[in-house]
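# Structure assessment
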Amino acid sequence: MKQSMLPIHYAARLLDQAHKAGCKVDDLLDKLQLDASYFEQNNEIPALKYGEIYQLVMRSTQNEWFGIFADGKVPLGAFRLMCLTLLNCSNLRQAIVRAGEFAEVCRGLQVRYLLQANEELANLSLAPSRTMSEQEFAKKVDEAESETLVASMITWHRLSEWLIGMEIPIRKATVTFSKERESIPLVLPKVEYFEYAAPTNSISYDVKYLDYPIVQNESSLMSFLRTAPYHLVTEDPTHVSTADKVRNILKRDVSGNMPSAEAVASQLNVSVTTLRRQLQKDDTSYQKLKDECRMEAAFHYLGCLDLSNNDIAEMLGFDEPSAFFRSFKKWTGQTPGEYRMTISQDH
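Since the structure is predicted, the reported quantities are computational estimates derived from the model, not experimental observations.

### Examining the sheet that holds strand 5 (residues 170–174)
- An order of 3-4-7-5-6 is seen for the five strands of this open sheet, with the pairing classed as mixed. The sheet terminates laterally at strand 3 (111–117) and strand 6 (191–195), the two strands that pair on one side only. Taking each pair of neighbouring strands and ignoring which way they run, the sheet shows an average axis angle of 20°.
- Alignment of strand 5 against strand 7 (residues 202–206), held across three bridges, turns out to be antiparallel. Opposite K172, over in strand 7, you have S204 as the bridge partner.

### Overview of empty space enclosed by the protein
- With the rule as written, the count across this model stands at three cavities of 30 Å³ or more.
- There is about 60 Å³ of room inside the second largest cavity.
- Lining the second largest cavity are L86, A95, I96, A99, Y113, W156, L159, S160 and L163.
- The leading source of residues in the lining of the second largest cavity is helix 8 (residues 146–164), at four residues.
- Among the residues making up the lining of the second largest cavity, the classes are represented as eight nonpolar, one polar and no charged.

### Notes on the packing of helix 15 (residues 321–332) against helix 16 (residues 336–344)
- The geometry of helix 15 relative to helix 16 is characterised by a closest axis approach of 9 Å and an angle of 60° between their N-to-C directions. When the axis of helix 15 is compared with that of helix 16, the two are oblique. Contacts between helix 15 and helix 16 involve F324, F325, F328 and K329 from the former and P336, E338 and Y339 from the latter.
- Of the residues assigned to the contact of helix 15 with helix 16, the class counts are five nonpolar, no polar and two charged.

### Focus: the packing of helix 13 (residues 286–302) against helix 16
- Interhelical geometry of helix 13 versus helix 16 gives an angle of 55° and a closest axis separation of 10 Å. Taken together, the axes of helix 13 and helix 16 are oblique relative to one another. The handedness of the crossing between helix 13 and helix 16 is right-handed. Counting all contacts with helix 13, which are made through F299, Y301 and L302, the residues of helix 16 involved are P336, Y339, R340 and I343.
- The residue inventory of the contact of helix 13 with helix 16, partitioned by class, reads six nonpolar, no polar and one charged.

### Quick word on the pairing of strand 3
- Relative to strand 4 (residues 121–128), strand 3 is paired through seven bridges, and the arrangement is antiparallel. Looking across to strand 4, one finds that Q116 is bridged to N123.
- Counted between consecutive antiparallel strands, the loop separating strand 3 from strand 4 contains three residues.

Calculation rules
- Residues numbered from 1 in each chain as written.
- Predicted model: local features only at pLDDT ≥ 70, side-chain atom pairs only at ≥ 80, totals over all residues.
- Heavy atoms only, no water.
- Pairing = 2+ DSSP bridges.
- Helix = DSSP H or I, 4+ residues; strand = E, 2+ residues; numbered from the N terminus.
- Axes fitted to C-alpha atoms, helices over the stretch in contact; angles between N-to-C directions.
- 1 Å grid on protein atoms, 1.4 Å probe; cavity = no way out; pocket = protein on both sides within 12 Å on 5 of 7 lines; lining within 4 Å.
- Points joined across faces, edges and corners; volume = space filled by probe spheres on them.
- Nonpolar A, V, L, I, M, F, W, Y, C, P; charged D, E, K, R; others polar.
- Parallel < 35°, antiparallel > 145°, perpendicular 65-115°, else oblique.
- Contact = heavy atoms within 4.5 Å.
- Left-handed = near helix turned anticlockwise from the far one by under 90°.

Following this line, the structure appears as structure tokens:
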């Protein structure tokens, strides 16, 4: 089975950041059943494995905003609480303002996405919260890695896209660092105009999107949170294989209501025969991708202590908890209970 892949430097950089944050990388690799030679011998890493690394690092550092521009550690669970507050907003404009208000009170964040709009463009820039002076913020921006600044902007922008359920084309992006400082290319949406060494780190797009309604709810939020926030900066919408497109559709809902192959083919504007043929070229299948999405979701749900194994089985669309137990054992070699004991040791 050919899995969705990411450049190996994503994972290597993540582990380097974890080392700088005080994590014992060898211990992390042991838990992931990897060794240092893996990063020397491979050019890519499965997206699912990258997700495991990211979630393990977040738990180990107790920082949910790890690798994204902030002033300190953002407590685990803060991102979920922020998203819950945004679901009740009537449109994207209100959600962005409310997200900024959340950033003002969230311990560890202290960096907000500031909205300024005219009749044509909405401009969103990284800005300090009220608890940080302009001088402190400028110093922190100057010291930040270029990739971290870009990751932060992408994260906020793709959160906006998720909220309204559609792509928001970027008209202009500006960054404060020079082109020479951009050492590792991160996935960046297509931008009409990009400016280096600018006064602010910002993104601009058509102002009409601010009036688009919020289309997500608590049910879709559960699926979104399985991989947030790391997947917001690793998915490249301009260069996505058929297998990745199918995964992106399937992971929106991993319950028993997952769409059929025919429904997915319709969304991609191809026949189901063409879809199956393209997936076969990617050395995978619709059923294998469904299983992969369910497994990814299971990893996340098992980390939620308020969910029982029976709850998770139901959320994943299994008719009986025993069917979930058998599938998870087949995927990982562990029972759900054994996996939970493993991750509890990381806290």
